[in-house]
Amino acid sequence: MPPTCTPNNKVPDGAINGNGDIGLVLGGKPEESILYFSKNDFWKAQNGYPDGGVCYIGELHLSAPSLKNAAYEVQESIADATIDASYTQKDGSALHIRTWCSATQNTVVIELEAIKKAIDLNCSFRLAEGMGSQNSQGEENAVQWFIRKFEGENLEWPSAVAVAFSSIEGKNTKFSLAPNEKVTWLLSFCSNHDNEDYKMEAIQKTVHLQKEGITDLYESHKNWWTNFWQASQVTLNDPFLEKYYYGSLYLLACCSRDIDFAPGLWGTSLTMDATANGWAGDYHTNYNHMAPWWGVYSSNHVELSDPYDTPILEYMSKGKEHAQKFLHKKGVYYPVGIGPKGFCSSMFPLTPDAMMKQYGTPNNDIENGYMFLGQKSNAVFCTTNMFMRFYHTYDQAYAKKVYPFIRQVADFWEDYLVYENGRYVSYNDSFWEVGPWEGKDWEKNYGDINPTVSLGLCRMLFKGIIDMSKFLQVDQDKVEKWNHILTHLSKIPTVEQNGFIRIKACEEGTGSGSRTAPGFGRVMMHGLLFPSGVCGVITDSTFARILRDEIYRWESDTLSTNYEWKDSGWDNLGNGFETYFTSAARVGYDGNRLLEQLKHRIQQTAYPNLWVTQGGGGIETLSAVPSCINEMLLQGYENIIRVFPVWPKEKDASFRDLRTHGAFLVSSSRKEGNIEYIIIKSEQGRPCLVENPWNSCRLINDDGTELILESPVLNLTITKGEKVRLVPNSK
């Protein structure tokens, strides 16, 4: 059936395609197909929420009145990133549409074919309107062009995008498609961030393809996707899970390849401008911007995370100014929402009238006009992906790139934490977001002390910067201080209830965290398990057992009835899909039960386009299935490689070239309960510890030499670029 949630201001349910910079969504009905187009760099950089944010470009309408009531069939092929639509009448006449965003240039190809009967068509491109955009259109070199732009003194920087539109065959936009005739339409996109002469660049791309055709373009497109899928592989013998595993990676690859402009909350799947109802489509620094990439490191698609760091690093100068001006601290202090090129997307409305309209109060000077929302942890949250990429690759160039930011974050926490009674304490640091949308008494929600998320992320930060500084051989004079903070941070707050140790949102205080039910939920998980990786069954088995028991209680916990807030539960469809399941895998939750819960969660909100949605955001859910499955098949974040640590023993599975800490690519297979082999390739020659799944095994080197190993933990020396194979030793 046709999409029912396209267009909307969040995740659409139409078929999706993209090349990492431009994207399209197929909506509409057989008699009028609508293709929606967006681009990562098309922002309105106006201060004062919600006046700025990421915007979409426009729509192509394919009108075919004779197809009313036709059968609707659409296939989104993730293997070669194409969309095939067939609209068929009862007499067998049909229109076939094949469309794809070229993986190698910003051009969309739309191939139309009439089956059995002629079809009258009208192809009409329409620019999006609103948000104060300036729109224009015309024709040049037999190519229609369209421009939508934002410019003016009230913007931090201008944005403009041009679309060139024509057919290879020289058809008019209103034409008759003869039986079995094929017509190809082209749309080329270029922004002012791509090229100063963006209109002419878009036109020239289209003119070139009119002359040369699309054969070579499709071959390069197909080759890109073939190479992408060859980077790694999982075989689960479960078509349902495999569909959403690979579908999630596909959807992220469709929107995350432009290193200069990261995808916002909705990726390149916008079907309307992202305004207040879409949180400006920005980069939320308290988890939303980080989460989309949490599955790409272990999936060996590290390159998809290239855009992640750019907006964070571009905001550094403002972050330093915020820390000094608003808190009188060193380092950096980030608001909850930022955009590209140092833009702040989360300033409160700039006038009392606008503030009253949006939030019901004229006070637009809350937190000096910026939405920090009481949280001090936004900047340290930004380091999570940086450390994940560092540990998975040990790439020196990358470490040098992000280290200055990480150092500024460490400087902030060194200055902000209060050392008293032999421990470091974080005061006035909100567990939840605090703001005027919470009602007239909202300010009482400030005042948390030692929120779990900050304590966990600070453990990750100071361990990480010690490791990275040693790797880069810089700031060795700071290691002693950083280690003192790491070893003297306040303990994770807990409370004993009914004989059980429960995790608290914060130690104490007067804020919303203090009124949150003890348990173990999404925000706590961020700081303690995933993505932080500060706890696990190897590093602290006792505490990991406490966390695991907390997750098991989700099935029966009724404690929340006595509290204003709760942060845990499999039934939470608002936020948490990207966190719950991978965290459960890290603490050894039962594999069969975990897969059962994962499938149930997917079934509740999955769209036909393979996007598993949740209420609190967009592309962050694309990490959920890959990260959980990978963590069940392979763990190495505790510096010991463990294969199939949580995967049910009776379920056959295999994987190839999953990536783990230490810059290792690992392959393995389990069949009929037995692990058949482990193959480890070392990219950096780092120390390699492996949990031995056999009593005795043979290590086979690249040169064919063998060694018998029988230790429970194998301490291997694998030189850079070398690959070894471990197999059971049959005595």
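Here is a short report on the structure shown in this document.

## What about the overall build of the protein chain?
Point 1. Check the secondary structure of the protein chain and you find 15 helices and 33 strands.
Point 2. Over its C-alpha trace the protein chain gives a radius of gyration of 27 Å, about what one expects of a compact globule, namely 27 Å for 731 residues.
Point 3. C-alpha atoms of the protein chain, sized along the principal axes, occupy 80 × 75 × 50 Å.
Point 4. With 731 residues in all, the protein chain has 62% of them scored as buried.
Point 5. Counted over contacts in the protein chain with a minimum sequence separation of 6, partners at least 24 positions apart contribute 66%.
Point 6. For the protein chain, the accessible area works out to roughly 27,200 Å², and carbon and sulfur atoms hold 46% of it.
Point 7. Side-chain charges of the protein chain comprise 68 positive and 88 negative groups, with the mean position of each set lying 3 Å from the other.

## Comments concerning the pattern of salt bridges
Point 1. Here the structure, examined in full by the defined rule, presents 29 salt bridges.
Point 2. Of the charged contacts, one joins arginine 98 and aspartate 80 as a salt bridge, the two residues approaching to 3.4 Å between their closest N and O atoms. Residue arginine 98 is found in strand S7 (residues 94-101), and its partner aspartate 80 is found in the loop between strand S5 (71-77) and strand S6 (82-88); the two are separated by 18 residues along the sequence.
Point 3. Here lysine 478 and glutamate 414 are joined by a salt bridge, their closest N and O atoms 3.0 Å apart. Separated by 64 residues along the polypeptide, lysine 478 in the loop between helix H9 (452-472) and helix H10 (479-488) and glutamate 414 in helix H8 (residues 396-416) bring together distant segments of the chain.
Point 4. Residue lysine 478 is classed as buried on the basis of its relative accessible area, which comes to 16%.
Point 5. Under the relative-accessibility criterion, glutamate 414 is labelled buried at 17%.
Point 6. One network of salt bridges, with partners in common, ties together Asp21, Lys39, Asp41 and Asp194.

## Examining the sheet that holds S7
Point 1. Ordered in space as S5-S6-S7-S8-S14-S12-S11-S10, the 8 strands form an open sheet in which the pairing is antiparallel. Lying at the two open borders of the sheet, with one neighbouring strand each, are S5 and strand S10 (134-140). This sheet shows a mean twist of 15° between the axes of neighbouring strands, independent of strand direction.
Point 2. As judged from the 8 bridges shared by S7 and strand S8 (residues 107-115), these two strands associate in the antiparallel manner. Bridge pairing in S8 places alanine 94 opposite isoleucine 115.
Point 3. Strands S6, S7 and S8 of the sheet are contacted by helix H2 (residues 215-229), whose axis makes an angle of about 65° with S7.

## Overview of the pairing of strand S26 (residues 653-660)
Point 1. Of all 8 residues that make up S26, 6 are buried, and the element is covered over most of its length.
Point 2. Pairing of strand S15 (residues 233-235) with S26 involves 3 bridges; the strand directions are antiparallel. Considered in S26, the bridge of threonine 235 is made with serine 654.
Point 3. Between the antiparallel neighbours S26 and strand S27 (residues 664-671) lie 3 residues, among them glycine 662 with a positive phi of about 100°.

## Observations regarding the packing of aromatic side chains
Point 1. Summed over the entire model, instances satisfying the criterion amount to 52 aromatic pairs.
Point 2. Centre to centre, the rings of tyrosine 245 and tyrosine 246 are 5.1 Å apart; their planes meet at 80°, and the pair counts as edge-to-face. Accessibility assignment for this pair places tyrosine 245 and tyrosine 246 in one class, buried.
Point 3. Here tryptophan 570 and tyrosine 589 contribute two aromatic rings whose centre-to-centre distance is 5.6 Å and whose plane-to-plane angle is 70°, an arrangement assigned as edge-to-face. On the criterion of sequence distance, the pair formed by tryptophan 570 in the loop between helix H12 (541-552) and helix H13 (577-586) and tyrosine 589 in the loop between H13 and helix H14 (591-605) is long-range, its members being 19 residues apart.
Point 4. Tryptophan 570 gets classed as buried once you look at its relative accessible area, which sits at 9%.
Point 5. Three or more aromatic residues link up through ring pairs in this structure, and these residues are Trp224, Trp225, Phe228, Trp229, Tyr245, Tyr246 and Tyr250.
Point 6. The ring of tryptophan 157 is capped by lysine 341, whose NZ or CZ atom sits 5.8 Å from the centre of that ring.
Point 7. The cationic tip of arginine 686 hangs over the ring face of tyrosine 394; the distance from NZ or CZ to the ring centre is 3.8 Å.

## Section: the sheet that holds S27
Within a sheet, each strand pairs with its neighbour through backbone hydrogen bonds, oriented either parallel or antiparallel.
Point 1. One open sheet accounts for 7 strands, arranged S15-S26-S27-S28-S33-S30-S31; its pairing is antiparallel. Each edge of the sheet is formed by a strand with only one pairing partner; in this case those strands are S15 and strand S31 (706-709). Strand-to-strand twist of the sheet, defined as the mean angle between neighbouring strand axes without regard to direction, takes the value 20°.
Point 2. Pairing of strand S30 (residues 697-700) with S31, which is carried by 4 bridges, proceeds in the antiparallel orientation. Considered in S31, the bridge of leucine 699 is made with leucine 707.
Point 3. The strands touched by helix H3 (residues 239-253) within the sheet are S15 and S26, with S15 carrying the most contacts at an inclination of about 165°.

## Digging into helix H5 (residues 316-327)
The periodicity of an α-helix, 3.6 residues per turn, causes residues three or four places apart in sequence to face the same way.
Point 1. With 12 residues, H5 ought to run about 16 Å at 1.5 Å a step, and its terminal C-alpha atoms sit 16 Å apart, in line with that.
Point 2. Within H5, burial applies to Met316, Gly319, His322, Ala323 and Phe326. Around the axis of H5, the buried residues are gathered within 125° of arc, so they sit on the same side. Structural note: H5 exposes Ser317, Gln324 and Lys325 on the side pointing more than 90 degrees away from its buried face.
Point 3. Buried positions along H5 lie against helix H4 (309-314) and H8.
Point 4. Where H5 terminates, the next one or two residues include histidine 328, which has phi positive at roughly 60°.

## Some details on the environment of leucine 270
Point 1. On the secondary structure map, leucine 270 appears in the loop between H3 and strand S16 (283-284).
Point 2. Of the residues examined, leucine 270 reaches a relative accessible area of 3% and is grouped as buried.
Point 3. When neighbours within four sequence positions are excluded, leucine 270 is seen to be in contact with Tyr36, Ser38, Val54, Cys55 and Tyr56.

Conventions we followed
- Residues numbered from 1 in each chain as written.
- Predicted model: local features only at pLDDT ≥ 70, side-chain atom pairs only at ≥ 80, totals over all residues.
- Heavy atoms only, no water.
- Helix = DSSP H or I, 4+ residues; strand = E, 2+ residues; numbered from the N terminus.
- Rg over C-alpha atoms; globule rule 2.2 N^0.38 Å.
- Buried < 20%, exposed > 50% of the residue type's maximum accessible area, 1.4 Å probe, protein only.
- Contact = heavy atoms within 4.5 Å.
- Areas by Shrake-Rupley, 256 points an atom, 1.4 Å probe, with all protein chains shown as cover.
- Lys, Arg positive; Asp, Glu negative; His and termini not counted.
- Charge placed at Lys NZ, Arg CZ, Asp CG, Glu CD.
- Salt bridge = Lys/Arg side-chain N within 4 Å of Asp/Glu carboxyl O.
- Pairing = 2+ DSSP bridges.
- Axes fitted to C-alpha atoms, helices over the stretch in contact; angles between N-to-C directions.
- Phe/Tyr/Trp six-rings, centres within 6.5 Å; stacked < 30°, edge-to-face > 60°.
- Lys NZ or Arg CZ within 6 Å of the ring centre and 35° of its normal.
- Expected span 1.5 Å × (residues − 1).
- Arc of directions from axis to C-beta.

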